[in-house]
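Now for the letters of each chain:
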Amino acid sequence: MTDRELAELAYSMLSRSYVPYSKFPVGAALLCADGTVFTGCNVENSAFGSTICAERTALVKAVSEGHRDDFVKLAVVGNSTDFCWPCGACRQMLYEFAPGLEVIVGNKDKELTVLRLTDLLPHGFGPKGMD
Ligand code: THU
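Residues numbered from 1 in each chain as written. Predicted model: local features only at pLDDT ≥ 70, side-chain atom pairs only at ≥ 80, totals over all residues. Heavy atoms only, no water.

Draft legend 1. View of the site of the ligand. Around the ligand, the neighbouring residues are S22, F24, V26, N42, E44, T51, C53, A54, E55, W85, P86 and C87. At 2.9 Å, a side-chain N or O of N42 approaches an oxygen atom of the ligand. Taken by itself the ligand offers 370 Å² of open surface, and the protein chains cover 78% of this. (Near = heavy atom within 4 Å. Polar contact = N/O pair within 3.5 Å; in protein donor to acceptor, adjacent residues only side chain to side chain. Areas by Shrake-Rupley, 256 points an atom, 1.4 Å probe, with all protein chains shown as cover.)

This is the structure in structure tokens:
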């Protein structure tokens, strides 16, 4: 699957976002080595801190379905002028399972930028840090 195809799946998730508070929809799509894609959107809550981001939705869907060490790339997109950079909490959650993950970020014009999770979270703390 190309970066563009994965990003389009993420864009298709914007309409599923539940964002009555921020009005800022985010979509995500996580590709596994066997070709399975887990999608996600942000789901907000009136207790704001209970909100879950789009990419964490996709990640927990994948892990709960038995995927753990086979993540290839992730697309995260939003309706913003700037690219929709993953928040710090999402970078940390993703780092646990896939430090080398390829991350594709997109903006409202469907421009894409591709980089590694290690570029977004250098010297991250992960399972190996507990050896
Ligand atoms: N959001 C995400 O879904 N992913 C990110 O990495 C950045 C932030 C969501 C959370 C909240 O619903 C809205 O964007 C505004 O912060």
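Draft legend 2. The sheet that holds strand β4 (residues 102-106), seen in detail. Judged by pairing direction, the sheet is mixed, and its five strands sit side by side in the order β2-β1-β3-β4-β5 without closing on themselves. Since the sheet does not close on itself, it has two edges, and those belong to β2 (37-41) and β5 (112-116), each with one partner. Here the average twist between neighbouring strands, direction ignored, is 15°. Both strand β3 (residues 71-78) and β4 contribute to a ladder of five bridges, which runs parallel. (Pairing = 2+ DSSP bridges. Helix = DSSP H or I, 4+ residues; strand = E, 2+ residues; numbered from the N terminus. Axes fitted to C-alpha atoms, helices over the stretch in contact; angles between N-to-C directions.)

Draft legend 3. Inspection of helix α2 (residues 54-64) at higher detail. Among the residues of α2, A54, E55, T57, A58, L59 and A62 are the ones counted as buried. Residues of α2 that are buried make contact with β1 (26-32), β2, β3 and α3 (88-97). Once α2 ends, the next one or two residues include G66, with phi positive near 100°. (Buried < 20%, exposed > 50% of the residue type's maximum accessible area, 1.4 Å probe, protein only. Contact = heavy atoms within 4.5 Å.)

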